[in-house]
Amino acid sequence: MTFVNMERIEKHFNNNVVLKDVSLQMNRGEIVSIIGPSGSGKSTFLRCLGQLETIDGGAITVDGVELVSTDTNGVVKYADKQTMHDLLLRMGMVFQSFNLFPHMTVLENIMVAPRMVKGMKDTDIMPIAERLLNKVGLWEKRDMYPSRLSGGQQQRVAIARALAMNPEIMLFDEPTSALDPELTGEVLKTIKQLTDDRMTMIIVTHEMNFAREVSDRVIFMADGIIQEEGAPEQLFTNPQSPRTKAFLDNML
Amino acid sequence: MLDYLLQIIPTIADGLKVTIALFCVVWVLSIPGGIILALLRLSKLPVVDKIVEAFVYLMRGTPLMLQILFMYFALPIMTDGAIQMDDSTAAVVTFVLNYAAYLCEIFRGGIQSIPRGQYEGAKVLGFTYGQTMRTIILPQMFKRVLPPLANETINLLKDTSLVYVLAMNDILRITKSIVQRDFDISAFLVAAIFYLIFTFILTNIFNYLEKRFSVYDE
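Quick notes on the rules
Residues numbered from 1 in each chain as written. Chains lettered and ligands numbered in written order. Predicted model: local features only at pLDDT ≥ 70, side-chain atom pairs only at ≥ 80, totals over all residues. Heavy atoms only, no water. Helix = DSSP H or I, 4+ residues; strand = E, 2+ residues; numbered from the N terminus. Buried < 20%, exposed > 50% of the residue type's maximum accessible area, 1.4 Å probe, protein only. Contact = heavy atoms within 4.5 Å. Areas by Shrake-Rupley, 256 points an atom, 1.4 Å probe, with all protein chains shown as cover. Phe/Tyr/Trp six-rings, centres within 6.5 Å; stacked < 30°, edge-to-face > 60°. Lys NZ or Arg CZ within 6 Å of the ring centre and 35° of its normal. Buried area = accessible area lost by both parts, 1.4 Å probe. Salt bridge = Lys/Arg side-chain N within 4 Å of Asp/Glu carboxyl O. Axes fitted to C-alpha atoms, helices over the stretch in contact; angles between N-to-C directions. Parallel < 35°, antiparallel > 145°, perpendicular 65-115°, else oblique. Nonpolar A, V, L, I, M, F, W, Y, C, P; charged D, E, K, R; others polar. UniProt positions renumbered as here; feature names shortened; annotations may be inferred. 1 Å grid on protein atoms, 1.4 Å probe; cavity = no way out; pocket = protein on both sides within 12 Å on 5 of 7 lines; lining within 4 Å. Points joined across faces, edges and corners; volume = space filled by probe spheres on them. Pairing = 2+ DSSP bridges.

### So, the overall build of chain B
Within chain B, the secondary structure is distributed over eight helices and zero strands. Taken from the N to the C terminus, the helices and strands of chain B come in the order α-α-α-α-α-α-α-α. C-alpha extents for chain B along the principal axes are approximately 70 × 50 × 20 Å. Buried positions account for 44% of the 218 residues belonging to chain B. In chain B, the proportion of contacts linking residues at least 24 apart, taken out of those at least 6 apart, comes to 77%. Split by element, the accessible area of chain B, about 11,400 Å² in all, is 69% carbon and sulfur.

This is the structure in structure tokens:
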């Protein structure tokens, strides 16, 4: 059964059409990478699923629960507040700019959402925080403020923070694009660990080799539409669309 | 000379009580007032924003002295006695409205300076608007607005002297009456020193707060 179903998504900012008719069906545990040139709409597409953008047409369903749909008259209708909130909690999101809370220590960054949003007790969150910070290799930095950490370390904290809410789907929005080249490796390694756990993931990225290595499926987007999608080997070694081929020739 | 000073200092110190009481009450009320106004000003409803904007314009566009006189003398007449406040109530209400308006703009600027990513980070973690404001945005805002907030706080301390027009016995009014009584200007110096000491304490409190907040960078 389809776990994530995004159907014919349309999105425009004023008169600028960013997404025209983009669809994505995913199974549970599937890992999909979205690649494409800047301004292709790939981040916007991801943000529509993460409820950071509202769509102007199409439908989104997660695990059979409808987030938004469009009727035959073209009227977009979102689910009620509670349903939207419940769906949001099933997703974790990691941003290009980390978006850690600078006024909280690493440990506080991890604990604040489970405490405030889920109402969990600190004594129950602590073991989770410890496990996750150990997983990303930053337990010993727990009392530091984010500004004291390198970009790579900050992004690993951000990943741990998202995981602390126990999401079913992880959304990565260009997680290494703001990092110095020597720091991307540690973040990619952390994400790769999650792929070993077979978590459902959508990764918007410019790291071609990484996308090729971890994904079950790769989507190439340009000009607000999916130009081509397929298994990584096929898409990277034998791209069908000339647009894909030109992009890959440029990147590799 | 010393005898004279020792004699007038306790009298002036009595005025200090009025000044401090007014200062504290107004400060404690106008901070939340300013935050609420700032949040309303940032509301998605244009009507709400416009109403608050008009209020801020009114408060910033007329002299505080005029506002005090209006509140105490004009309002009872205009409302046929329906709204009639004693001097200290009228003073507190006027000061709070005036300072909340100024603080509103300081807080609004501070809130708007927080990057959008902070809202998005909170949103995807499931924070409600209230939780986002309380735990993420406002604490960071306070760090950013501390210097202008210190300015307004010190201004408030000195502005409290305007209540002499309502015949409230604050430092300045008592001082003035001593000078007129004794034909000796020493009382003015004493009053100045009282204000300076108070300002010195406030400055240090704000320096301490800035240091406390500097444990993190952005």
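### A few points about the packing of aromatic side chains
Within this structure, the stated rule accounts for seven aromatic pairs over all chains. Ring geometry for Phe220(A) against Phe247(A): centres 5.0 Å apart, planes inclined by 40°, an arrangement best described as tilted. Here Phe220(A), found in strand E10 (residues 217-222), pairs with Phe247(A), found in helix H9 (residues 242-251); they are 27 residues apart in sequence, far enough to count as distant. Note on accessibility: Phe220(A) and Phe247(A) belong to one class, buried. Between the NZ or CZ atom of Arg161(A) and the centre of the ring of Phe101(A), over which it lies, the distance is 4.5 Å. Sitting above the plane of the Tyr216(B) ring, Lys143(B) keeps its charged end 4.4 Å from the centroid.

### Let's talk about the interface of chain B and chain A
With 21 residues of chain B at the contact, the number on the chain A side is 25 residues. Of the roughly 2,000 Å² buried where chain B meets chain A, counting both sides, 66% is carbon and sulfur surface. Applying the counting rule to chain B against chain A returns one salt bridge. Here Glu120(B) makes a salt bridge to Arg47(A), at a shortest N to O gap of 2.6 Å.

### A word on the packing of helix H1 (residues 2-41) of chain B against helix H7 (residues 171-182) of chain B
All names here are of chain B. At a closest axis distance of 7 Å, the pairing of H1 and H7 adopts a crossing angle of 150°. Relative to H7, the element H1 is oriented roughly antiparallel. Where H1 approaches H7, its residues Tyr-4, Gln-7, Ile-8, Thr-11, Ile-12, Asp-14, Gly-15, Leu-16 and Thr-19 are matched on the opposing element by Ile-171, Ile-174, Thr-175, Ile-178, Arg-181 and Asp-182. Class assignment for the residues of the contact of H1 with H7 results in seven nonpolar, five polar and three charged.

### Points about the UniProt feature "domain: ABC transmembrane type-1" (unreviewed entry) in chain B
Within this structure's numbering, the places UniProt gives as "domain: ABC transmembrane type-1" (unreviewed entry) are residues 16-206 of chain B. The span residues 16-206 of chain B is 82% helix and 0% strand, and its two end C-alpha atoms sit 21 Å from each other.

### Quick notes on the layout of surface pockets
All names here are of chain B. Quantified by volume, the largest pocket comes out at close to 950 Å³. Around the largest pocket sit 23 residues that line it, and Lys-44, Lys-123, Phe-127, Thr-128 and Tyr-129 are the ones nearest its centre. For the lining of the largest pocket, a count of residues per class yields 10 nonpolar, eight polar and five charged.

### Brief notes about the pattern of salt bridges
Counted according to the given criterion, the structure contains 25 salt bridges over all chains. Here Arg217(A) ties to Glu30(A) by a salt bridge, and the two come within 3.0 Å at their closest N and O atoms. A residue pair is termed long-range when its members are at least 10 positions apart, and Arg217(A) in strand E10 and Glu30(A) in the loop between strand E2 (16-26) and strand E3 (31-35) qualify at 187 residues. Among the salt bridges present, the one from Glu120(B) reaches Arg116(B), with a minimum N-O distance of 3.8 Å. Taken together, the residues span about one helical turn, with Glu120(B) and Arg116(B) both in helix H5 (residues 116-124) at a distance of four residues. For Arg116(B), a relative accessible area of 59% translates into the label exposed.

### Comments concerning the sheet that holds strand E6 (residues 76-78) of chain A
All names here are of chain A. As summarised here, the arrangement of the five strands in space is E2-E1-E4-E5-E6, forming an open sheet in which the pairing is antiparallel. The sheet is open, and its two borders are formed by E2 and E6, each paired with just one other strand. When the angles between neighbouring strand axes are averaged without regard to direction, this sheet yields 15°. Pairing of strand E4 (residues 57-62) with strand E5 (residues 65-70) involves three bridges; the strand directions are antiparallel. Residue pairing in the sheet places Ile-60 in a bridge with Val-68 of E5. Against the sheet, helix H1 (residues 42-49) engages strand E1 (4-13), E2, E4 and E5, with an angle of about 120° to E1. Across the sheet, helix H2 (residues 81-89) lies against E4, E5 and E6, angled at about 120° from E5, the strand it touches most.

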